[in-house]
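# Descriptive structure summary
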Amino acid sequence: MAATDTGDANRAGAGSAGGELEAELARLLAVESFDPPAGFTPRQPEQADARDAAADPVGFWAAKARELLSWDKPFTRVLDDTNPPFYRWFDDGELNVSANCLDRHVAAGLGERVAYHWRGEEGERRDVTYAELLADTQKLANGLLSLGVAAGDVVGIYLPMIPEVAVAMLACARIGAVHNVVFGGFAPSAVRERMEVSDAKVLITVDGARRKGRTAAVKAGVDEEMADLPKLEHVVVVRSTGPVGGVETAMRAGRDVWYDELLAAADPVCPPAPLGAEHPLFILYSSGSTAKPKGILHTTGGYLLGATYTHRAVFDLDPETDVYWCSADVGWITGHSYIVYGPLSNGVTSVMYEGAPDYPDFDIWWQLIAEYKVTIFYTAPTAIRACIKWGAEYPARHDLSSLRVLGSVGEPINPKAWLWYHEVIGGGRCPIVDTWWQTETGSIMISPIPGITSTKPGSATRPLPGITPALLTEDGEPLAEGTGVLVITSPWPSMLRTLYRDDERFVQTYFSRFGPRTYLVGDAARLDADGYFWIIGRIDDVINVSGHRLSTAEVESALVSHEAVAEAAVVAQADADTGQAIVAFVTLRGDQVGDDDMIAELRDHVAHRIGKLARPRRVIWAEDLPKTRSGKIMRRLLRDVAEGRELGDVTTLRDPSVMAALAAKVATAP
Ligand code: WT7
């Protein structure tokens, strides 16, 4: 059944009693497919793109690269696929990412356009223009050069959501340094690991970070963990906490420099370095099947093209009139591609918000949307589910009629959340783009095009022009319909190039199962009769908590690093709020007592080692874990008990009685 939805602003939201909203959502749950809202006229020529890309994908990307990016030296070769899976795009061309994001807009007379309407947690505001971003980027680039950073060196960035994070990334891009951003919510020890394995020369961080009225002393944590990293020569510190909740910050002579002092002393002019299109732009560590995070490497030309093109196409962007807001954190790929590189390369005005969605009150997001007349809003299903819990009265307090397009990313969006987003936030008139992609893909791969694609709540719909996903059976047979393993069958410009300094793991992880020309995504999916993709979830030991990727092995290794723990196995359990939640089965050492205090201690321990988001939701004491005769832990069985399912085949276990004991434990555990 299809429905054309032409609702008025906030129709189901404002005013209407909770009961009416519930009834309307229940009615819509039966609607399988939504035609593009009748009042929505697309601005971007994506239908033509789809035709061009189908006829000649490589030629399509070449045309987009010429149209959307400014090149210092035009490329003559588009795709080099002679050594798969090590693909190269535009490789004899030269360009600079920061020049594409800043200089070209300023040169076109747009210097006074606001790049970021920044809002701090305590209501502070800063409007940063493209000209100001360019000025600071040049100074920081010169500052980094003065600290000895050269093209190809790695610079760590561990900053909260403040404009300086964009300046830091762009300054690296300007001189060809490779940034390695670590999410501000990760613990300093996770930062240390990522600095160590990438041999970072400089780390750019902050005195302290604010969260819901409290200030965490970030630099102090960095000092504790990073006193002895031989390759780390300098720490640049942004003064951010200011008069509100300021923290004392010790500076080590010879190593530490204040960001503002570095900028003040720097030459204001730093010409952008023309870099080869395959020059590395950044590494971003992401979780995989082992405890060791993967350093996903993206390069200059292809990545910037992917971010720029998809940001335009998927959000139907008009840089002249749109005000865009992505609520992610810059520390994730979503922030890299859709807070920094895509929006800046397209020259649009964005909102950047430092704080939490529920502080000072549950309506802060909607207040910001109304105040800045945001037209495009991009967030995650887990956030939408939180908003549903808080209630429709919070968005109803504000005028959301400026919104045109709504985006979702990070995990499958359940139809109920989709409908609430559509009705309560979008007033029934905004197309929803459910965007499927990964850190590895660099930019959005499967998504509706607003105003063109009919949407089905819960499906990311169809591939973007130039992208070729397919479903395979376990044996590698293509499936025209049904459930299978998701792959991408041809290279695309913004694909990862390798895992940093680990080509072997790159090939092994993504290109060994179906050969060097078929990218293994790591997700299972269903393909329906209309050619729509429905992402089911990961097929590896990766857990998706609130759209954040965590590896079971990483959490396990954090748990066993606690002296009381003998062994641990971590699985995901479906969760109504966070999509998945972490359940840890823990065997304690003989002399230890598994009580509530110990649960609290282990959760804290994981938070300290990795970050709060990795804290297990449940800890279940296990006398023994289900293992095969060869000693491999059978996580499938643990998932079954955690989610209260009938247990599958236990005959391959060394000791089948283990499962009955665990099932009894789970039934009584909190
Ligand atoms: C994994 C990638 C891409 C930025 C955020 C996460 C899951 C992502 C969707 C979606 C269903 C999704 C997949 C994917 N995922 N977007 N729209 N629908 N699942 O990036 O940390 O690299 O995680 O997130 O499982 O493989 P990431």
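Residues numbered from 1 in each chain as written. Predicted model: local features only at pLDDT ≥ 70, side-chain atom pairs only at ≥ 80, totals over all residues. Heavy atoms only, no water.

## A short note on the packing of aromatic side chains
- Enumeration according to the criterion identifies 33 aromatic pairs in this entry.
- Ring centres of Phe315 and Tyr324 lie 5.6 Å apart, and the angle between their planes is 65°; this geometry places the pair in the edge-to-face category. Each of the two residues, Phe315 as well as Tyr324, counts as buried.
- Three or more aromatic residues joined by ring pairs make a cluster, and in this case those are Phe86, Trp492, Phe506, Tyr510, Phe511 and Tyr519.
- In this arrangement the basic side chain of Arg194 is found over the ring face of Phe186, its NZ or CZ atom lying 4.8 Å from the centre.
- The positively charged end of Lys456 is found above the aromatic ring belonging to Tyr532, 4.5 Å away from the centroid. (Phe/Tyr/Trp six-rings, centres within 6.5 Å; stacked < 30°, edge-to-face > 60°. Buried < 20%, exposed > 50% of the residue type's maximum accessible area, 1.4 Å probe, protein only. Lys NZ or Arg CZ within 6 Å of the ring centre and 35° of its normal.)

## Describing the confidence of the model for the protein chain
- Summing up the model confidence of the protein chain, the mean pLDDT is 93 and the portion of residues at 70 or higher is 96%.
- Within the model, the stretch residues 1–15 combines pLDDT values under 50 with 42 contacts to residues more than four positions away or in other chains. (pLDDT = per-residue confidence, 0-100. Contact = heavy atoms within 4.5 Å.)

## Observations regarding the sheet that holds strand β14 (residues 256–258)
- An order of β14-β13-β10-β8-β9-β16-β17-β26 is seen for the eight strands of this open sheet, with the pairing classed as mixed. Edge positions in the sheet fall to β14 and β26 (498–499), since each of these pairs with one other strand and no more.
- Of the pairings in the sheet, the one linking strand β17 (residues 294–299) to β26 comprises two bridges and is antiparallel in character. In the strand pairing of β26, Ile296 is matched with Leu499. (Pairing = 2+ DSSP bridges. Helix = DSSP H or I, 4+ residues; strand = E, 2+ residues; numbered from the N terminus.)

## Some words on the packing of helix α13 (residues 381–390) against helix α15 (residues 415–425)
- Taken N-terminus to C-terminus, the directions of α13 and α15 make an angle of 70°; their axes are 10 Å apart at the nearest point. The angle between the axes of α13 and α15 places the two elements in the roughly perpendicular class. Only Lys416, Ala417, Trp420 and Tyr421 of α15 make contact with α13, whose side of the interface consists of Ile384, Arg385, Cys387 and Ile388.
- Across the contact of α13 with α15, the residue classes break down as six nonpolar, no polar and two charged. (Axes fitted to C-alpha atoms, helices over the stretch in contact; angles between N-to-C directions. Parallel < 35°, antiparallel > 145°, perpendicular 65-115°, else oblique. Nonpolar A, V, L, I, M, F, W, Y, C, P; charged D, E, K, R; others polar.)

## Structural notes on the nonpolar core
- In terms of nonpolar packing, the biggest core is built from 160 residues, with Leu140, Ile204, Phe315, Tyr341 and Val586 touching the most fellow members.
- With ten residues, the single largest contributor to this core is helix α6 (residues 163–175).
- Taken domain by domain, the makeup of this core includes at least three residues from each of domain 1 (46–522) and domain 2 (546–667).
- Setting aside residues no more than four positions away along its own chain, Phe315 makes contact with Thr310, Tyr324, Tyr338, Ile376, Tyr378, Arg404, Val405, Gly407, Val433, Ile444 and Pro450.
- Formed by 35 residues, the second largest nonpolar core is a distinct cluster that contains Val351, Leu368, Ile369 and Ala417. (Core = buried A, V, L, I, M, F, W, Y, C linked by side-chain atoms within 4.5 Å. Domains from an automatic or database assignment.)

## Regarding the site of the ligand
- Around the ligand, the surrounding shell holds 17 residues, and the nearest of these are Asp434, Thr435, Thr439, Asp523 and Arg538.
- One nitrogen or oxygen atom from the side chain of Gln438 is found 3.0 Å from an oxygen atom belonging to the ligand.
- Protein chains bury 96% of the 550 Å² of accessible surface belonging to the ligand in isolation.
- Elements with a minimum of two residues in the shell around the ligand: α11 (333–346), β22 (432–435) and β28 (533–538). (Near = heavy atom within 4 Å. Polar contact = N/O pair within 3.5 Å; in protein donor to acceptor, adjacent residues only side chain to side chain. Areas by Shrake-Rupley, 256 points an atom, 1.4 Å probe, with all protein chains shown as cover.)

## A word on the domain arrangement of the protein chain
- The domain boundaries assigned to the protein chain delineate domain 1 (46–522) and domain 2 (546–667).
- Centre-to-centre separation of domain 1 and domain 2, based on C-alpha positions: 32 Å.
- Each partner contributes residues to the interface: domain 1 has 25 residues there, and domain 2 has 20 residues.
- Counting each side, the surface lost to burial between domain 1 and domain 2 is near 1600 Å², with a carbon and sulfur contribution of 45%.
- Its largest share of buried area at the contact with domain 2, domain 1 owes to Ser287, Ala291 and Trp332, together 28% of the area lost on that side.
- Between the two partners, domain 1 and domain 2, sit three salt bridges.
- Among the ionic pairs, Glu554 bridges to Arg194, the shortest N-O distance being 3.8 Å.
- The interface formed by domain 1 and domain 2 contains 15 residue pairs in polar contact (both at pLDDT 80 or more).
- Elements represented by at least two residues in the side of domain 1 that touches domain 2 include exactly α7 (188–198) and α13.
- Here the side of domain 1 that touches domain 2 is built from residues that sort into seven nonpolar, eleven polar and seven charged. (Buried area = accessible area lost by both parts, 1.4 Å probe. Salt bridge = Lys/Arg side-chain N within 4 Å of Asp/Glu carboxyl O.)

## Description of the pattern of salt bridges
- On inspection of all chains with the given rule, the structure shows 51 salt bridges.
- With a shortest N-O distance of 3.8 Å, Glu623 and Lys665 are connected by a salt bridge. On the criterion of sequence distance, the pair formed by Glu623 in the loop between β33 (618–621) and α19 (635–642) and Lys665 in helix α20 (residues 657–668) is long-range, its members being 42 residues apart.
- Since its relative accessible area comes to 68%, Glu623 is described here as exposed.
- Salt bridges here are not isolated pairs; linked through shared partners, they connect Arg43, Asp316, Asp318, Asp322 and Arg404.

## A word on unusual backbone geometry
- The peptide bond linking Pro84 to Pro85 adopts the cis configuration, its omega dihedral lying at 5°.
- Note on placement: Pro85 falls in the loop between β3 (79–80) and β4 (88–89).
- The linkage connecting Tyr359 with the following residue, Pro360, adopts the cis geometry, with an omega of 0°.
- Along the polypeptide, Pro360 turns up in the loop between β19 (349–353) and α12 (364–372).
- Even without glycine at this site, Arg501 takes up a positive phi of about 55°.
- Looking at where Arg501 falls in the secondary structure, it is placed in the loop between β26 and α16 (503–511).
- A relative accessible area of 56% means that Arg501 is categorised as exposed.

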